[in-house]
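Here is how the chains run, residue by residue.
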Amino acid sequence: MNSPDTSAGSTSTPRLRASLKTFPPYVPGKAPKRIDGLASFKLSSNENYLEPLPAVTDAMVAHAKNPAVYPDDGALALRTELAERLGVSIDELVVTTGASELLVALTQITSDATTEAIYPWPSFEMYPQTTGLAGSKRIEVPVRDDGRHDLDAMAAAITDRTSLIILCSPNNPTGPALRDDEVRQFLTQVPDHVLVALDEAYWEFATAEGLVNGVDLVADHPNVVLVRTFSKAHALAGLRVGYALAHTAVIQGLLKAVIPFGVTDISQAAALESLRHSEEVDVRAKEIAAVRDEFAHALRDQGWDVPEAQGNFVWLPLGQLSSAFEDACVEQAVAVRNLGDGVRISIGEQEGLDRVLAVAAAFYSEHFD
Ligand SMILES: *Cc1c(COP(=O)(O)O)cnc(C)c1O
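Just so it is clear, the model here is predicted, and its values are computed rather than measured. (Residues numbered from 1 in each chain as written. Predicted model: local features only at pLDDT ≥ 70, side-chain atom pairs only at ≥ 80, totals over all residues. Heavy atoms only, no water.)

**A short note on the sheet that holds strand β4 (residues 137–142)**
In step 1: Here we have seven strands laid out as an open sheet, ordered β2-β8-β7-β6-β5-β3-β4, and mixed in their pairing. Of all strands in the sheet, those bounded by a partner on one side alone are β2 (93–96) and β4. Adjacent strand axes in the sheet meet at a mean angle of 20°, parallel and antiparallel pairs treated alike.
In step 2: Where strand β7 (residues 224–229) lies against strand β8 (residues 242–245), four bridges are found, and the strand directions are antiparallel. By the bridge assignment for β8, T229 is matched with G242. (Pairing = 2+ DSSP bridges. Helix = DSSP H or I, 4+ residues; strand = E, 2+ residues; numbered from the N terminus. Axes fitted to C-alpha atoms, helices over the stretch in contact; angles between N-to-C directions.)

Printed below as a string of structure tokens:
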């Protein structure tokens, strides 16, 4: 039926926001293909391949309360523990359903069709989604060849309409983390009324010297908001818990944009228990970081130009060859993440990583030697 149908009960589609046409939907990491006789590995979502600590799963069971009752909306116990550990006030914290909800809320409180948002690219796929949905003009500033933010270009992109800047450290998917000195120098070029979100979803895995620390940065800058999550190093992605740290004026704004009762009591209890075991969580994150360094090193030995990896993943800048590489991994029962400009491989069990290394070696000799 090609002619417009104006009759009652027409099948025309509802009028959705025009901004929906300006960005793609979020595409989650693929599940690995099942192949007889081969264990499969999902290295496509930056999940933690270690299980949560036993004390954390115990806390989940212990806090499985009457589901007819809403959870604690303010996540008071969790915020209290976070405040103590970070040396901040509970009024400077908000707990949300993963850092994802925070990214949505941050754009809701800053962005509309009259504003501009600046973020690096490639970076986390939710940035175009949330800023695009708000109707904001999206200024994607390409990362440098070494995968680092181009902070000079990001500063140069600021206009009167800029309302939100997002920094991602370590940057998903390229890998490098931001240094404290470069971020502080960058902030001298950002007007005080522009909100700067620092997304530290992977900070526990970072091992380089002199890196930015969002907690210190927020203390010095009322326009900075720190975004963190329990999904990655704490291995609680399935429970959806994240938090923001910012000055109270920003938190007050965020509280108007977050969903009431979003984080269940079970999730709050698990995050709290995991936080109480932060030292163990940190040891495990550093173990994963060591596997990451070895894996990145092995790829560089094959000849690949791998950017500095500071998260629980490694970036292969494959360009046009990304899909072919992804397919070759799928044939080995390994799911990796093809992001168009390259392929991101999450750190997982050694067997899966070894299979990726074998694919990479064959690929390199076929295309570059
Ligand atoms: C995984 C991730 C998040 C958030 O994940 P949640 O599970 O929603 O907490 C935020 N930012 C980046 C860069 C990520 O990779």
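On we go.
**Structural notes on the UniProt feature "modified residue: N6-(pyridoxal phosphate)lysine" (unreviewed entry) in the protein**
In step 1: Within this numbering scheme, the UniProt entry marks K232 as carrying the feature "modified residue: N6-(pyridoxal phosphate)lysine" (unreviewed entry).
In step 2: Following the sequence through the fold, K232 ends up in the loop between β7 and β8.
In step 3: Taking relative accessible area as the criterion, K232 reaches 14% and is therefore assigned buried.
In step 4: Once you skip the residues sitting within four places of it in the chain, K232 turns out to touch N46, N48, A201, Y202 and F205. (UniProt positions renumbered as here; feature names shortened; annotations may be inferred. Buried < 20%, exposed > 50% of the residue type's maximum accessible area, 1.4 Å probe, protein only. Contact = heavy atoms within 4.5 Å.)

**Observations concerning the domain arrangement of the protein**
In step 1: Splitting the protein by domain gives domain 1 (26–46 + 279–367) and domain 2 (55–276).
In step 2: Using only C-alpha atoms to locate each centre, domain 1 and domain 2 end up separated by 26 Å.
In step 3: Taken together, the contact between domain 1 and domain 2 spans 25 residues of the former and 30 residues of the latter.
In step 4: The contact between domain 1 and domain 2 buries some 2,100 Å² in all, and 55% of this surface belongs to carbon and sulfur atoms.
In step 5: The tally of links from domain 1 across to domain 2 stands at three salt bridges.
In step 6: The interface formed by domain 1 and domain 2 includes eleven residue pairs in polar contact (both at pLDDT 80 or more).
In step 7: Sorting the residues of the side of domain 1 that touches domain 2 by element identifies α10 (278–302) and β9 (313–316) as the ones contributing at least two each.
In step 8: Considering each element in turn, the side of domain 1 that touches domain 2 owes the most residues, ten residues, to α10.
In step 9: For the side of domain 1 that touches domain 2, a count of residues per class yields eleven nonpolar, four polar and ten charged. (Domains from an automatic or database assignment. Buried area = accessible area lost by both parts, 1.4 Å probe. Salt bridge = Lys/Arg side-chain N within 4 Å of Asp/Glu carboxyl O. Polar contact = N/O pair within 3.5 Å; in protein donor to acceptor, adjacent residues only side chain to side chain. Nonpolar A, V, L, I, M, F, W, Y, C, P; charged D, E, K, R; others polar.)

**What about unusual backbone geometry?**
In step 1: The step from S169 to P170 runs through a cis peptide bond, and the omega angle for that step is -10°.
In step 2: Structurally, the position occupied by P170 is in the loop between β5 (162–168) and α6 (180–187).
In step 3: Omega for the peptide link from N172 to P173 comes to 15°, which places this bond in the cis form.
In step 4: With respect to the secondary-structure elements, P173 resides in the loop between β5 and α6.
In step 5: Of note in the backbone geometry, N46 takes a positive phi value of approximately 55° without being a glycine.
In step 6: For N46, the position within the fold is in the loop between β1 (41–43) and α1 (54–62).
In step 7: N46 gets classed as buried once you look at its relative accessible area, which sits at 0%.

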